[in-house]
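Analysis of the macromolecular model
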Amino acid sequence: MSNSSLTVGVLALQGAFARHSEALERLGVDTIEVRTPAHLAEVDALVLPGGESTTMSKLLDSQGLRDPLAERLDAGMGVFGTCAGMILLATDVSDGRADQQSFGALDIGVRRNGYGRQIDSFEADIPVDGLDGPFRAVFIRAPVVERLGDGVEVLASVEGIPVLCRSAAGAPVLVASFHPELTDDDRLHQLFLDQLA
Amino acid sequence: MAENTHGTVRVKRGLAEMLKGGVIMDVVNAEQAKIAEDAGATAVMALERVPADIRRDGGVSRMSDPDMINGIQEVCTIPVMAKARIGHFVEAQILQALGVDYIDESEVLTPADETHHIDKFAFDVPFVCGATNLGEALRRISEGACMIRSKGEAGTGDVVQAVRHLRSIIGDMKKIGQADEAELFEWAKQLRAPLPLVQEIAETGKLPVPMFCAGGLATPADAALAMQLGAEAVFVGSGIFKSDDPAPRAKAIVEATTNFMDADILAKVSRGLGAPMTGINMDEVNHGGTRFEDRGW
């Protein structure tokens, strides 16, 4: 499947959604900003961007998006979540808010802000399985993956902690605790498109 | 072994990218911080008094007590920002030591230096600064600011200055986009701004850092107005906790900021919010009041 035959939505409730759209468009993909169930119905796959997961979680409810999105994920729609997006796709979340709900699209457990406050945010060159040469990964108040379930493949780790994971089989799910949308390196977005194909 | 690098420009500007499309709310205690987070704020600004009270009380306004900032950090899972006085780099050092996520070098506090702003490159924590025009924005960026907020006039509940400043900044960026190479030298001179930043705007059409709006926003419609004019997120200060019923107003402003182009949703969220802050209009401020926006050089 060539990139141009896909329409990929970017959840645009809050956060760095525009940067994801730019990356996907550089790869020749049609993108839609998703704010309503009607937008969601038009997309073949979805990106959940970085931002504040608590804010996005509340807006998923007020926009009436939570149930339609859960249904699309159950039906096997491909999804790529970065940072807050990873939190929303995880099975369990610690240090979040009691009322914060995640979709459980990938069986991982994450700790919100697990690396600490902004002063602890960092960037690093990391090797990624399947990519030639390192990827510059930017971690902003990033979540820490604390538990990996069955069927989760780790593509990159930093200091022993998984930072890039995907579903080994079944519905295509890719999650990163860092922000590929903050660099001009589109290889992880292409990796996601390849996973969809 | 890869090195982890902290405090880079990309890491500092990165947090501002994550706050886009959201609402940053002024709070003066842990209880208000909870209300803000419950309403869907992307961050809170911890300060002793909201700008409306600073305006009313007068006197010298300074960095908040560390106990108060820590108290807010303890109840919040979202980023906590705090204000330092213009030029007061020691207040900024203290705020960095407290682990605040963003420092606002703010005209709402009484300036500590009448000539110099803080050298913001000297810090690993990122800074946001206010601006009334493009030149001021570019000077702050050249000092290391990683987010710009149009100043408006804080503590008034009058949106007119926020609109004026946004239109000024964005209008000049549009004109620079039309200028030829030779004219960019004159733009840099007129704006009292570094030429490379002016050249970058000519190329990209936007600031190199996220641009948010602050100062005088009090209603969901105000927030959507700022977003339609080109702001990438909004700060709401006195507008929430000086209103009759802060929690629903805060939630409505969050929803208005996400749906800023959708008038049907804006109409829905604007209903039944009770009275907004009474406010003080700019004519009154100009006759005997303090114009915070004039602070900063």
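To start, this report covers the structure provided alongside it. This structure is a prediction, so every number in the text was calculated from the model and none was measured.

**Quick notes on the interface of chain A and chain B**
One frequent convention defines the size of an interface as the accessible area lost when the parts assemble. Between chain A and chain B, the residue contacts involve 41 residues of the former and 42 residues of the latter. Together chain A and chain B conceal approximately 3,200 Å² of surface at their shared face, both sides included; 52% is due to carbon and sulfur atoms. Three residues, A:Q118, A:I119 and A:E123, lead the burial of chain A against chain B; their summed loss comes to 19% of the area buried on that side. The salt bridge involving A:R19 is made with B:E17; its shortest N-O contact spans 3.0 Å. The residue inventory of the side of chain A that touches chain B, partitioned by class, reads eleven nonpolar, 14 polar and 16 charged. Inspection of the sheet shows strand 7 (residues 122-126) of chain A paired to strand 1 (residues 5-6) of chain B by two bridges, in the antiparallel sense. Each bridged residue has a counterpart across the sheet, and for A:E123 the counterpart in strand 1 of chain B is B:T5.

**Side note on the layout of surface pockets**
There is about 1,000 Å³ of room inside the largest pocket. Taken together, 41 residues form the lining of the largest pocket, with A:R19, B:E17, B:K20, B:K206 and B:E232 sitting closest to its centre. When contributions to the lining of the largest pocket are tallied by element, the ones reaching two or more residues are helix 1 (17-26) of chain A together with helix 1 (9-18), helix 7 (160-178), helix 9 (195-204) and helix 12 (246-258) of chain B. Looking at the lining of the largest pocket, the element that brings in the most residues is helix 1 of chain A, giving six residues. Residue composition of the lining of the largest pocket, by class: 17 nonpolar, nine polar and 15 charged.

**Remarks on empty space enclosed by the protein**
One pass over the full model with this rule turns up three cavities of 30 Å³ or more. The computed volume of the largest cavity comes to approximately 200 Å³. Together, 24 residues line the largest cavity, and B:D26, B:A154, B:A214, B:G215 and B:G237 are the ones closest to its centre. Looking at the lining of the largest cavity, the elements that each hand over two or more residues are strand 2 (23-27), strand 9 (234-236) and helix 11 (238-241) of chain B. Across the lining of the largest cavity, the residue classes tally to ten nonpolar, eight polar and six charged. In this model, the second largest cavity occupies a volume close to 100 Å³. Around the second largest cavity, the lining comprises 13 residues; the ones closest to its centre are A:G51, A:E52, A:C83, A:N113 and A:R141. Elements supplying a minimum of two residues to the lining of the second largest cavity: helix 5 (84-89) of chain A together with helix 1 of chain B. Here the lining of the second largest cavity is composed, by residue class, of six nonpolar, four polar and three charged.

**So, the sheet that holds strand 3 (residues 45-48) of chain A**
All names here are of chain A. Strand order in this open sheet of seven strands is 2-1-3-4-12-11-10, and the pairing throughout is mixed. If you trace the sheet from one side to the other, it starts and ends with strand 2 (30-34) and strand 10 (152-158), each paired once. Along the sheet, successive strands turn relative to each other by an average axial angle of 20 degrees, direction set aside. In this sheet, strand 4 (residues 78-82) lies alongside strand 3 in parallel orientation, the contact comprising four bridges. Each bridged residue has a counterpart across the sheet, and for L48 the counterpart in strand 4 is G81.

What counts and what doesn't
Within each chain, residues carry numbers counting from 1 in the order of the written sequence. Key to labels: chains lettered from A, ligands numbered from 1, both in the order written. This being a predicted model, a pLDDT of at least 70 is required before a residue's local features are given, and a value of 80 or more before pairs of side-chain atoms are given or counted; all residues contribute to the totals for chains, interfaces and linings. Side-chain numbers here rest on the full set of heavy atoms in the structure, without hydrogens or water. In this description, contact between two residues means that some pair of their heavy atoms is separated by no more than 4.5 Å. Buried area: the accessible surface (1.4 Å probe) lost by two parts on joining, summed over both. Salt bridges are counted wherever a side-chain nitrogen of Lys or Arg sits within 4 Å of a carboxyl oxygen of Asp or Glu. Put simply, Ala, Val, Leu, Ile, Met, Phe, Trp, Tyr, Cys and Pro go in the nonpolar bin, Asp, Glu, Lys and Arg in the charged bin, and everything else, Gly too, in the polar bin. Pairing between two strands requires that DSSP report at least two bridges joining them. Helix and strand assignments follow DSSP, with helices taken as H or I runs no shorter than four residues and strands as E runs no shorter than two, numbered in order from the N terminus. Cavity: a set of points on a 1 Å grid over the protein atoms alone where a 1.4 Å probe fits but cannot get out. Pocket: an open set with protein on both sides within 12 Å along at least five of seven lines, its lining residues, like those of a cavity, having an atom within 4 Å of a point. Grid points are joined across faces, edges and corners, and a volume is the space filled by probe spheres set on the points. As a rule, the C-alpha atoms of each element are fitted with a line to give its axis, helices using only the stretch in contact, and angles between N-to-C directions run from 0 to 180 degrees.

Don't take any of this as a statement about function, it's just geometry.
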